[in-house]
Amino acid sequence: MRQSPSNVAVMTGLDRRLAEFAAALLDPDCPAPVGLIGPDGEPSVKRFAVYRNNVVAGLGETLKAAFPAVRRIVGAEFFAAMARVYVSREPPASPIMLHYGAGFADFIDGFAPAAALPYLGDVARLERAWAEAYHAPEAEPLDPAVLAGIAPDKLPHASLLLHPSLRVVRSPFPAVTIWRMNIDGGVPGRVDFDRRGEDALVLRPVAEVELRVLPPGAAAFIAALGAGTPVVGALGLALRDDSRFELDRALAGLMEAGAIIGWYLTEESVCDLAGALS
């Protein structure tokens, strides 16, 4: 059905009003939208201010609950101020509050007052990965005996299926150490920033989310596996990332963590295998 010019104009006007309302809702410097009236028929600026405050406060509480370690590191007052700025710039894109805060780590990276804490964004990434892993679909980890039973000539060409909750967070800082110091029960202490960075495996194989520091090259290996690259190709990418990568150690760690849920040979892998055996 074609819309008449008048209908298009009405929709354009409505879209404009909604955009103005949303902008004013998250920015205290914006005036209340024109045309808002209360039950008495008078302009309702004060009612809108209360509503605005409740919305901003509610989104701030969502961030507070999602990033407890970040909040503990910077303190409640700093976190509240940082959250207000984020809320004003990043309104929710979904009514499901679980999704809110997906860009908070990137925001922290560019937030000038937090520049003295360059690791803070990566701590936020760990917390976001933890939340995503917690709410990810369930899957049964592969029995280690199944992987051990794959013929040695087939394993290099096999593609491994990873658990849907699996997340990897890479950091040039000891972000995992810092995160552990600032979660419930953690004890803050001295951090050696001269150490190499820490890459983290975040996973919920059964009921609880687990977070482990990955060995050298394992993050690149896992990323390649997640993209469907067979083991032999992922091995090459991992060694390119870090020459200290150890395939046996990485596979054993993934199996122990319950990170692998299956395996398969693609047509391309079968062809590679046939060529290797000929």
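Quick note: structure is the one above.
The rules behind these values
- Residues numbered from 1 in each chain as written.
- Predicted model: local features only at pLDDT ≥ 70, side-chain atom pairs only at ≥ 80, totals over all residues.
- Heavy atoms only, no water.
- Helix = DSSP H or I, 4+ residues; strand = E, 2+ residues; numbered from the N terminus.
- Buried < 20%, exposed > 50% of the residue type's maximum accessible area, 1.4 Å probe, protein only.
- Areas by Shrake-Rupley, 256 points an atom, 1.4 Å probe, with all protein chains shown as cover.
- Pairing = 2+ DSSP bridges.
- Axes fitted to C-alpha atoms, helices over the stretch in contact; angles between N-to-C directions.
- Contact = heavy atoms within 4.5 Å.
- Lys, Arg positive; Asp, Glu negative; His and termini not counted.
- Salt bridge = Lys/Arg side-chain N within 4 Å of Asp/Glu carboxyl O.
- Core = buried A, V, L, I, M, F, W, Y, C linked by side-chain atoms within 4.5 Å.
- Expected span 1.5 Å × (residues − 1).
- Phe/Tyr/Trp six-rings, centres within 6.5 Å; stacked < 30°, edge-to-face > 60°.

*Asks:* Now, about the overall build of the chain: what can you tell me, with residues and values included?
*Replies:* Tallying secondary structure elements over the chain gives twelve helices and five strands in all. The proportion of buried residues among the 278 residues of the chain is 36%. As displayed, the chain has an accessible area near 15800 Å², and 58% of this comes from carbon and sulfur atoms.

*Asks:* Before we move on, could you go through the sheet that holds strand S2 (residues 167-169) and cite the residues and values that matter?
*Replies:* Across the sheet, which stays open at both edges, the three strands sit in the order S2-S3-S4 with antiparallel pairing between neighbours. The sheet is open, and its two borders are formed by S2 and strand S4 (210-213), each paired with just one other strand. Strand-to-strand twist of the sheet, defined as the mean angle between neighbouring strand axes without regard to direction, takes the value 20 degrees. Across four bridges, the pairing between strand S3 (residues 200-203) and S4 is antiparallel. By the bridge assignment, Val202 is partnered in S4 with Leu211. Along the sheet, helix H6 (residues 120-134) makes contact with S2, S3 and S4, crossing S2 at roughly 175 degrees.

*Asks:* Pulling in residues and values, what's your account of the side chain of Glu127?
*Replies:* Take Glu127: it is sitting in helix H6. At 10 Å, Arg72 is the nearest oppositely charged side chain to Glu127, a buried residue that forms no salt bridge. With residues up to four places along the chain from it excluded, the contact list for Glu127 reads Ala66, Phe67, Pro68, Ala69, Val70 and Trp179.

*Asks:* Hey, could you go over the pattern of salt bridges for me, with residue numbers and the actual values?
*Replies:* The final tally for this structure, using the stated rule, is eleven salt bridges. A salt bridge links Glu132 to Arg128; the shortest N-O distance between them is 3.3 Å. Here the residue Glu132 and the residue Arg128 both occupy positions in helix H6, the gap between them amounting to four residues, near one helical turn. For Glu132, a relative accessible area of 29% puts it in the partly exposed group. For Arg128, a relative accessible area of 14% corresponds to the buried category. Its salt-bridge partner being Glu256, residue Arg212 comes within 3.9 Å of it at the nearest N-O pair.

*Asks:* Give a description of the environment of Ala129 that names residues and reports values.
*Replies:* Here Ala129 shows up in helix H6. In sequence terms Ala129 and Val209 are 80 residues apart; their C-alpha atoms lie 9.8 Å from each other. Apart from the residues lying within four places of it in its own chain, the contact partners of Ala129 are Arg167, Val169 and Val202.

*Asks:* Which residues make up the nonpolar core, and what values do they have?
*Replies:* Buried together is how nonpolar side chains tend to be arranged in soluble globular proteins. Core analysis: the largest hydrophobic core is formed by 37 residues, its most contacted members being Leu63, Val70, Phe79, Met82, Phe104, Ile108 and Leu126. Of all the secondary-structure elements, those providing two or more residues to this core are helix H2 (45-66), helix H3 (68-74), helix H4 (76-89), helix H5 (104-109), H6, helix H8 (175-181) and S3. Top element by residues in this core is H6. It accounts for six residues. When sequence neighbours within four positions are dropped, the list of residues in contact with Val70 reads Phe79, Met82, Ile108, Leu120, Val123, Ala124 and Glu127. In this structure, Leu142, Leu162, Phe245 and Met255 belong to the second largest nonpolar core, which totals 26 residues.

*Asks:* Pulling in residues and values, what's your account of H6?
*Replies:* With 15 residues, H6 should reach 21 Å at 1.5 Å per residue; the first-to-last C-alpha distance of 21 Å fits that figure. Most of H6 sits inside the fold, with eleven of its 15 residues counted as buried. Buried residues of H6: Leu120, Gly121, Asp122, Val123, Ala124, Leu126, Glu127, Arg128, Ala129, Ala131 and Ala133, and no others.

*Asks:* Can you lay out helix H9 (residues 218-226) for me, pointing to particular residues and giving the numbers?
*Replies:* Counting buried positions along H9 gives seven out of nine residues, so the element sits mostly inside the fold. Three or more residues of H9 are buried, namely Ala218, Ala219, Ala220, Phe221, Ile222, Ala224 and Leu225. Buried residues in H9 make contact with strand S1 (159-162), S2, S3, helix H10 (231-241) and helix H11 (247-257). At the C-terminal side of H9, Gly228 shows a positive phi close to 90 degrees.

*Asks:* Provide a residue-level description of the packing of aromatic side chains, including the pertinent values.
*Replies:* The relative placement of two aromatic rings is captured by the distance of their centres and the angle of their planes. Applying the stated criterion across every chain yields a total of ten aromatic pairs. Three or more aromatic residues joined by ring pairs form one cluster here, namely Phe67, Phe78, Phe79, Tyr86, Tyr100, Phe104, Phe107 and Phe111.

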